[in-house]
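# Structural features, examined
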Amino acid sequence: MKLSKVLWVLLSLCCYCVIINNNGVEGSHEVHPQYISHQAARVTQLHRTSYHFQPPQNWINDPNGPMFYNGIYHLFYQYNPKGAVWGNIVWAHSISRNLIDWEALEPAIYPTDPYDINGCWSGSATILPGNRPAILYTGIDTQQRQVQNIAFPANLSDPYLTKWVKSSKNPLVAPDSSVNASAFRDPTTAWWLNGHWRMLVGGKHHKRGIAHLYRSRDFKKWVKAKHPLHSARHTGMWECPDFFPVPIYGGNGLDTSATGRNVKHVLKVSLDLTRYEYYTIGTYNPSIDRYIPDNSSADGWDGLRYDYGNFYASKTFYDPPHNRRVLWGWANESDTSSNDTAKGWAGIQTIPRTLWLDKGIKQLIQWPIREINTLRGQKFQVRNQELKTGEYINIPEISAAQADVEVTFYVPSLEKAEEFDPSWVNAQDLCGMKGSTVQGGVGPFGLLTLASEHLEEYTPVFFRIFKANDKHKVLMCSDAKSSSLRTDVYKPSFAGFVNVDLKDGMLSLRSLIDHSVVESFGAGGKTCITSRVYPTMAVMKKAHLYAFNNGTEAVTIKKLKAWTMHTPQMN
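A brief report on the enclosed structure follows. (Residues numbered from 1 in each chain as written. Predicted model: local features only at pLDDT ≥ 70, side-chain atom pairs only at ≥ 80, totals over all residues. Heavy atoms only, no water.)

### A few points about the nonpolar core
Going by this rule: Side-chain atoms within 4.5 Å link the members of a nonpolar core, which is a set of buried Ala, Val, Leu, Ile, Met, Phe, Trp, Tyr and Cys residues. Three labels apply to residues, based on accessible area from a 1.4 Å probe with only protein chains included: buried if under 20% of the type maximum, exposed if over 50%, partly exposed otherwise in between. In this analysis, two residues are considered to be in contact whenever any of their non-hydrogen atoms come within 4.5 Å of each other.
Membership of the largest hydrophobic core comes to 56 residues, with the highest contact counts inside it found for Tyr306, Leu364, Phe445, Ile465, Ile557 and Leu560. Among all residues touching Ile465, those that are not within four sequence positions of it are Val411, Leu414, Ala417, Glu418, Val442, Phe445, His472, Lys473, Val474, Leu502 and Leu507. Judged by nonpolar contacts, the second largest core, of 23 residues, contains Tyr77, Tyr79, Ile100 and Trp328.

So this is what it looks like as structure tokens:
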């Protein structure tokens, strides 16, 4: 393992989480007993998002069981009803008709029985025959084992599915002697094939990450397969696995049970050790129930990611009315737990993204759901504006703290691109070394988001282009180092490489800016990065948005459109 990777993992563990082991149960959240049931007297609005999903107060983490049912979208999520740190976890429940406006209902699942009395952790939803939804979730039982349980709506005639009832048959799946009972969680949406339901449960054996496979004829009695669907060495615990089909042709979604010649499958896992995710694209062989990743990307820590920033525990679902697959992800705070407790809230869900297979069949493309465009208000646009070395231009007439901006840059020449050093394998390290103020040949150029007027604070999102052998290599960064004058918050340099053809000289960027979060999509959604930031000066009406170029090669803003974003109904 390279030194840079070791340092990154250690930093992640220090800043994001500690691995806990309470009475034999492994988890991956910080435990703060003094804050678990402590509620702030007043919820602080500074840095609170306006159009991202979050409850009125308290802690949230993993999105659970998203589904569309009888005209209504449902999102469940891990929630502490008593405080702004992890603990007291229940399955909170919100509903929507458009994935933008949300109404909170009472929690759907909370600890009550021997099989989940010590915790109701993450899981998924499956629509069974007869149009009957079911929730599969992990419970922590009286023996501190992680077991898999099921719950059903109490009343299918209730359009909101307000109340849920746990099965008397729980637990459906308990760990046998071959399974690590303290690392056995997060059941997937099930799929139907050849007379059996199948589901995955995340796990590990020593340092090998495992997607345990279970089968059932009736969704009641589940039998563990002799082999996992897939596993990978040196990856550690696989949390929140997600397994789903994508069509090779077109950008539509598929039902989770779909198979066929023109179908690929995606296996995504959340890495408990590193606190980021990776996915592979490959082939699912139903006859032997094996998943074989293609050789187009690494099957491990260096693999493809949905998001190269603050994004974890993601979950997709199939959306039949729009024939699409939709992705949810959790963006944790980068602030301290004491500050989270004082402000009264922690955690958001990122904007839902439509997800499909790239034409090259080597990666997924992501884009914010089109419904988000309905929040666009006041608009400002620029066309054919040249940016010379060291220039930056203000984007006026919008609320820069709550905005959506799309820009296409034109690079007339790549002759000045810097030589790429083959040792630069870690994009995040490279971004930290060559930030937005380090002048290059072609780039850095991009946006300065959540910026103060005189740039004492700003979060740059930018590209830098390198020359590598017979092609060019594009680095995309979202660098929080300069995001805040505060010294007690985590301010990483997030980055990823962008697999894009520059023959026409065009490179696009979209950023969704919402007070303390910047979600960015490079090259039409080929590389995505989410940053959480906490400016002290660039807040509310004092925030600014700039486009900039710090490369020796001039670039042109071919077109830029920016909008103030309205605030939807939010729980």
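Further notes follow.
### Quick notes on unusual backbone geometry
The condition that has to hold: For helices the rule is a DSSP run of H or I covering at least 4 residues; for strands it is a run of E covering at least 2, with both sets numbered from the N terminus onward.
Note the cis peptide between Asn170 and Pro171, where omega equals 0°. Along the polypeptide, Pro171 turns up in the loop between strand S10 (164-166) and strand S11 (184-185). Pro444 follows Gly443 through a cis peptide bond whose omega is 10°. Following the sequence through the fold, Pro444 ends up in strand S31 (residues 442-451).

### A few points about the sheet that holds strand S27 (residues 376-387)
Applicable threshold: Only when DSSP finds a minimum of two bridges between them are two strands counted as paired. In this analysis, axes come from line fits to C-alpha atoms, helices being fitted only over the stretch in contact, and the angle between any two N-to-C directions falls in the range 0 to 180 degrees.
Taken together, six strands build an open sheet; the order of strands is S27-S39-S29-S35-S36-S37 and the sheet is antiparallel. Edge positions in the open sheet fall to S27 and strand S37 (527-532), since each of these has one partner strand only. Averaged over all pairs of adjacent strands, the angle between strand axes in this sheet comes to 15°, irrespective of strand direction.

### Concerning the packing of aromatic side chains
The condition that has to hold: Aromatic rings from Phe, Tyr and Trp, taking only the six-membered ring of Trp, are treated as a pair when their centres fall within 6.5 Å; an angle between ring planes under 30 degrees marks them as stacked, one over 60 as edge-to-face, and anything in between as tilted.
Under the counting rule described, the total for this entry stands at 31 aromatic pairs. Plain terms: the ring middles of Phe76 and Trp164 are 5.6 Å apart, the flat faces sit at 90° to each other, and that makes the pair edge-to-face. On the criterion of sequence distance, the pair formed by Phe76 in strand S4 (residues 72-80) and Trp164 in strand S10 is long-range, its members being 88 residues apart. Residue classification places Phe76 among the buried positions, given a relative accessible area of 0%. Given the relative accessible area of 11%, Trp164 is considered buried.

### Brief notes about the side chain of Ser122
Counted only if it meets this: Any N or O atom pair separated by 3.5 Å or less is treated as a polar contact, with the protein-specific requirement of one donor-capable and one acceptor-capable atom, and with residues adjacent in sequence counted only for side-chain atom pairs.
The residue Ser122 is located in strand S7 (residues 120-128) in this model. There is a polar contact of 2.8 Å between the side chain of Ser122 and the side chain of Asp62. Within polar-contact distance, the side chain of Ser122 engages the side chain of Asn64 at 3.0 Å. Apart from residues lying up to four places away in sequence, Ser122 is in contact with Asp62, Asn64, Gln78, Trp91, Tyr137, Thr138, Asp186 and Pro187.

### A few points about the sheet that holds S10
If you walk across this open sheet you meet the four strands as S7-S8-S9-S10, and the pairing is antiparallel. On the outer flanks of this sheet lie S7 and S10, each paired with one strand and no other. Neighbour-to-neighbour, the strand axes of this sheet turn through a mean angle of 30°, independent of strand direction. Sheet topology places S7 next to strand S8 (residues 132-140); seven bridges connect them, and they run antiparallel. If you follow Gly123 over to S8, its bridge partner there is Tyr137.

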